[in-house]
Amino acid sequence: MAVTVFIPTLHATPEVQSDSPRERLPFNRGWLFSRNDPPDAGDALVYERIKDWLLPCGDHLLNLSPRRHSPLGTGPGEMRVVGISYTLADYDDSRWRKLNLPHDWGIEGPFHPDLTGKTAKLPWFGVAWYRKHFALPAIDTGRHVYLDLDGAMAYATVWINGIFAGGWPYGYTSWRVDLTPYIKFGGENTLAIRLDNPRESSRWYPGGGIYRNVWLVKTAPVHIAQWGVRVTTPVITNDSAVVNVAVTIDNKTGNKSETNVITKIYQADHAGLPVGQAILQSSSVTARIEAGEQAWVSHSLVVPSPRLWSLETRNRYVAETDITRDSAIIDRVRTPFGIRAIQHTAGNGFLLNGKRVPIRGVCMHHDLGALGTAINFRAMERQLEILHEMGCNAIRTSHNPPAPELLELCDRMGFLVQAEAFDCWASGKVRDDYSRLFPDWHEKDLRSMVRRDRNHPCVIQWSIGNEIREQGSSGGRKLAAHLAGIVREDDRSRPVVAGFNLIQSGYNGMMTAADIVGYNYKPFEYSKIHRTHPQYPILGTETASTISSRGEYVFPVSENKLDGRNKSTYQVSSYDLYAPKWGSTPDTEWRAQDENPSVMGEFVWTGFDYLGEPTPYNSDTTNLLNFATAAESAQAAKELDGLAKVRAPSRSSYFGIVDLAGFPKDRYYLYQSRWRPGLPMAHILPHWNWPGREGQITPVHVYSSGDEAELFLNGNSLGRKKRGAFEYRFRWDDVVYSPGELKVAVWKNGKPWTETVRKTTGSAAKLLLTPDRAQLRADGADLVFVTVTVADKDGLPVPRAQNSIRFSVTGPAEIAAVDNGDATSFAPFQGSERAAYNGFALVISRTKPDKSGILVLRAESDGLEPAAIELSSK
Ligand code: GAL
């Protein structure tokens, strides 16, 4: 199989300010952590009580005029009165736990069988505090100092030197606190951040903690505002592209300011950094800014013979914006951007640079499996590499704004992105979800998403919501129009979409508030909506929801999509025929797409398994929202009740095309066969180790990009088949099992295309270790993902092997986490032991910072030949 090679990763986030007084320093190291509030906190910090302090913080940062004023007349800087000991600079925190960010306290476990599977049976909820002591040199006096958080889960409040400075409740958006008025220049400072996750606030595992990167930003008092450079490319031809650059400048001084603004354009390298000499320079524009105000200026430049960003070429440019006074640079921001044209058409799908690109997308939640939600660049990159190899070209960030690094990776690697803001509006799905924040925060959160991410060429759509409960009402239509209006104020270059799960939303006015009809699980509606509203672009915003456990097969093979469960092990058969009531097989969805070629494509639920929502063993009642009729819903409610009583052990999803550990399930090859039609590939299922099934019917399915196939069992042909119209897999449903070798020979357009075999293996004899990379960076964040295979003496993976494996590492690295993809396991992700699940386990090792050398990873299991690998970290 072809292996896609990506250019080596860099962690740099490309807002680089050499030659500029601006500094953007990673602020992740050296934090202190403690769970729960101190006894003196009382209930003073409940969001309802503090929102009058929090609301103006967001308004200030996004330059919205505060619509509300605190009845107490207080604001940032005045919450010292609460006197909570943890906020105070002199509080003795010497016994607090030391850690580095990003951090997710929930993933540390332990799993608890009594906790709900919906949020992974992990203790991510409740209160926690982070503190950090840091010195600021006297030389910084007069500069502006901001704390930038890419995301903290959730209800964050920030104190500096005992004084309340700001905060942000939604855990998925990025925000900034201005520390300048309260910080000590030339002295020690203490930051205290409190987080508070309501227990009933999510339908999936949200994690808990400062789980994304934190930055300390220092600028001159007159500086480019947060996300203050916006690049658009409204006119693109072969010969030239118009590049408009709008720059917003903050004047934080008490005097009127006059500065000059110049933007240069460079070609960018793969990491979005400028290469060589500038290819263009704008003329200088003067910005006059009143004391304490903002102002914006713009440039228009014309790039000759533009090198377009596409999924294959990924070309980018950098706009380098300088603001100068008396010819000295007082601020510089570099903004990577791409030149590409997008069109969402009603008749011909999605066009990138004028060419149709079918959207072969997946929905992804934000967790990184065994690593939890704490973001890690390499872990995200690995997920994308695995999806890319399958032929996936698009990600829907369900159902919230992503970490900024995900978009950087999608720009680099060539993925399209639908960035989604919300899973609910004013009407919630679980008791304490975003509906509590919606009235006060939707505008700030929406603007935070759009303003942060609008320069990414990968982002092609803004989703204002997923399966919003207000869809059916006229109030909902007004809200949709209001939200779409906010998005369009900040970006008119991309369409607004929403994921509708009500058929009526395609007809009741919701669809005109948005620019696209995005249907979740409505393949049967595509032809009707296209016939009745040929002017609407249509997209499968969420499709399939096929469920399975890697390497599990249930007999007899049922054609009823609600079957396939192994009720004693809580696994689901991997024949890819099973889905919840609202979902379908991939095959059903594809038939609808093929019958309706105007549909842009799809975002499959989901690319990877994720923590939480273990349907069909999920006792979360929000699933009931997906049922069309009261009778169906009542029946499902009864089943959920039953599951709650038996306390199903399941704690992560079965929806993934890839399991939680990153191992492809069978379905991976079904998607690959369709999404990479030019790749000669064939995949046989099930495995062929069935002692005791001799003489019994054991259906064999083959996923292949070819169009004709012949199956052989121990050399005897079981028939040659042609794939008919709307057939997406080859099926031999009456195969009688006998051990040995299955072989499939595949043709395409009458010519031999590929062959593959599946053999009955011997018993487990040895361990094999396969690292995803051999050369690591010694930066304390880089990871190697090592696949551990339980193999027979010939090296074939033993399909049902569950051997327990012990790991050890020597050299400049440590074990970060272990997993095996089993959705029912309560074994901790942190540890150095793991049982294989159906032949495989995963060990993730993290490098140590600033320590180069050879690391040796060993795996041992009783009765098996051990394995060891050597890797280098530098
Ligand atoms: C959808 C929902 C997703 C997930 C999925 C499971 O209705 O939008 O978040 O719950 O169902 O099939």
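With an unreviewed UniProt entry as reference, the chain is termed Beta-galactosidase, source organism Termitidicoccus mucosus. Within the UniProt record for the chain, the comment given under Sequence similarities (unreviewed entry) is "Belongs to the glycosyl hydrolase 2 family."

A. Representation of helix 8 (residues 586–595) in the model. Restricting attention to buried positions, one finds in helix 8 the residues Pro586, Asp587, Glu589, Trp590, Ala592 and Gln593. In this structure, the buried residues of helix 8 make contact with helix 7 (526–532), strand 28 (538–544), strand 31 (601–605) and helix 10 (666–675).

B. Representation of the site of the ligand within the structure. Close to the ligand lie twelve residues, the nearest being Arg203, His399, Glu467, Ser545 and Glu613. Glu467 places a polar side-chain atom, nitrogen or oxygen, 2.6 Å from an oxygen atom of the ligand. The contact in question runs from an oxygen atom of the ligand to an N or O atom on the side chain of Glu613, over 2.4 Å. Within the complex, the protein chains bury 100% of what would otherwise be the 310 Å² of accessible surface of the ligand. Among the residues forming the shell around the ligand, the class breakdown is four nonpolar, four polar and four charged.

C. Structural detail: the sheet that holds strand 40 (residues 775–776). Ordered in space as 40-47-46-42-44, the five strands form an open sheet in which the pairing is mixed. Either end of the sheet is taken by a strand with one partner, and the two such strands are strand 40 and strand 44 (833–835). Across two bridges, strand 40 lies against strand 47 (residues 867–873) in parallel orientation. Across the sheet, Gln775 pairs through a bridge with Ser872, a residue of strand 47.

D. Region of the structure containing the environment of Pro102. Inspection of the secondary structure assignment puts Pro102 in the loop between strand 3 (97–99) and strand 4 (126–136). For Pro102, a relative accessible area of 22% translates into the label partly exposed. Residues Pro102 and Asn376 lie 274 residues apart in sequence; the distance between their C-alpha atoms is 8.0 Å. With residues up to four places along the chain from it excluded, the contact list for Pro102 reads Asn28, Ile210, Tyr211, Arg212, Asn213, Ala374 and Ile375.

E. Structural detail: the state of the cysteines. Across all of its chains, the model carries zero disulfides by this definition. Unpaired in terms of disulfides, Cys363 finds its nearest cysteine sulfur in Cys392, a separation of 10 Å.

F. Representation of the nonpolar core. Judged by nonpolar contacts, the single largest core of 206 residues is most densely connected at Tyr130, Leu147, Leu179, Ile193, Val362 and Trp425. Excluding anything up to four places from it in sequence, Leu179 contacts Val145, Tyr146, Leu147, Ile160, Ala165, Leu191 and Leu216. With 26 residues, the next largest nonpolar core counts Ala220, Ile224, Leu301 and Val303 among its residues.

G. Expanded view of the sheet that holds strand 10 (residues 214–219). With antiparallel pairing, four strands are arranged side by side in an open sheet as 1-10-5-8. On the outer flanks of this sheet lie strand 1 (23–26) and strand 8 (175–178), each paired with one strand and no other. Taking the axes of each pair of neighbouring strands and ignoring which way they run, one obtains an average angle of 25 degrees across the sheet. Of the pairings in the sheet, the one linking strand 5 (residues 144–149) to strand 10 comprises six bridges and is antiparallel in character. In the sheet register, Leu147 faces strand 10, and the bridge partner there is Leu216.

H. Main features of the pairing of strand 13 (residues 257–268). Relative to strand 15 (residues 285–289), strand 13 runs antiparallel, the two being bridged by five bridges. The residue bridging Thr259 from the neighbouring strand is Ala287, located in strand 15. Across four bridges, the pairing between strand 13 and strand 14 (residues 274–281) is antiparallel. Paired with Lys264 across the two strands is Gln281, which belongs to strand 14. Between strand 13 and strand 14, which pair antiparallel one after the other, the connecting turn spans five residues, and Gly272 there sits at a positive phi close to 80 degrees.

I. Quick look at the environment of Ser282. As for its placement among the helices and strands, Ser282 is situated in the loop between strand 14 and strand 15. Distance from Ser282 to Tyr91, taken between C-alpha atoms, is 52 Å for residues 191 residues apart in sequence. Leave out the neighbours within four places in its chain, and Ser282 touches Ile262, Thr263, His299 and Leu301. Of note is the side chain of Ser282, whose polar atom sits 3.3 Å from the side chain of His299.

J. Local environment of the side chain of Thr698. With respect to the helices, strands and loops of the structure, Thr698 is situated in the loop between strand 32 (682–685) and strand 33 (700–704). In this structure Thr698 touches Phe555, Tyr575, Pro686, Trp688, Trp690, Arg693, Val735 and Tyr737, once residues within four positions along its chain are discounted.

K. How the structure looks around the UniProt feature "domain: Glycoside hydrolase family 2 catalytic" (unreviewed entry) in the chain. The sites that UniProt annotates as "domain: Glycoside hydrolase family 2 catalytic" (unreviewed entry) are residues 348–511. Helix makes up 36% of residues 348–511 and strand 19%, with an end-to-end C-alpha separation of 18 Å.

L. Spatial organisation of the UniProt feature "domain: Beta-mannosidase-like galactose-binding" (unreviewed entry) in the chain. Residues given the UniProt feature "domain: Beta-mannosidase-like galactose-binding" (unreviewed entry) here are residues 120–201. End C-alpha to end C-alpha, residues 120–201 measures 13 Å, and it is 0% helix and 52% strand.

M. Molecular detail of the packing of aromatic side chains. This model, assessed by the stated rule, comprises 37 aromatic pairs. With 6.1 Å between their ring centres and 35 degrees between their planes, Phe33 and Trp105 make a pair best called tilted. Here Phe33, found in strand 2 (residues 31–35), pairs with Trp105, found in the loop between strand 3 and strand 4; they are 72 residues apart in sequence, far enough to count as distant. The exposure classification of Phe33 matches that of Trp105, with both residues buried. Ring centres 5.9 Å apart and planes at 25 degrees place the aromatic pair Tyr317 and Phe337 in the stacked group. Of the two residues, Tyr317 is situated in strand 17 (residues 317–325) and Phe337 in strand 18 (residues 328–337); the sequence distance between them amounts to 20 residues. Here the two residues Tyr317 and Phe337 agree in accessibility, since each one is buried. Ring pairing ties together the aromatic residues Tyr86, Tyr91, Trp96, Trp129, Trp159 and Phe164, which thus form one cluster.

About the cut-offs
Residues numbered from 1 in each chain as written. Predicted model: local features only at pLDDT ≥ 70, side-chain atom pairs only at ≥ 80, totals over all residues. Heavy atoms only, no water. UniProt positions renumbered as here; feature names shortened; annotations may be inferred. Buried < 20%, exposed > 50% of the residue type's maximum accessible area, 1.4 Å probe, protein only. Helix = DSSP H or I, 4+ residues; strand = E, 2+ residues; numbered from the N terminus. Contact = heavy atoms within 4.5 Å. Near = heavy atom within 4 Å. Polar contact = N/O pair within 3.5 Å; in protein donor to acceptor, adjacent residues only side chain to side chain. Areas by Shrake-Rupley, 256 points an atom, 1.4 Å probe, with all protein chains shown as cover. Nonpolar A, V, L, I, M, F, W, Y, C, P; charged D, E, K, R; others polar. Pairing = 2+ DSSP bridges. Disulfide = S-S within 2.5 Å. Core = buried A, V, L, I, M, F, W, Y, C linked by side-chain atoms within 4.5 Å. Axes fitted to C-alpha atoms, helices over the stretch in contact; angles between N-to-C directions. Phe/Tyr/Trp six-rings, centres within 6.5 Å; stacked < 30°, edge-to-face > 60°.

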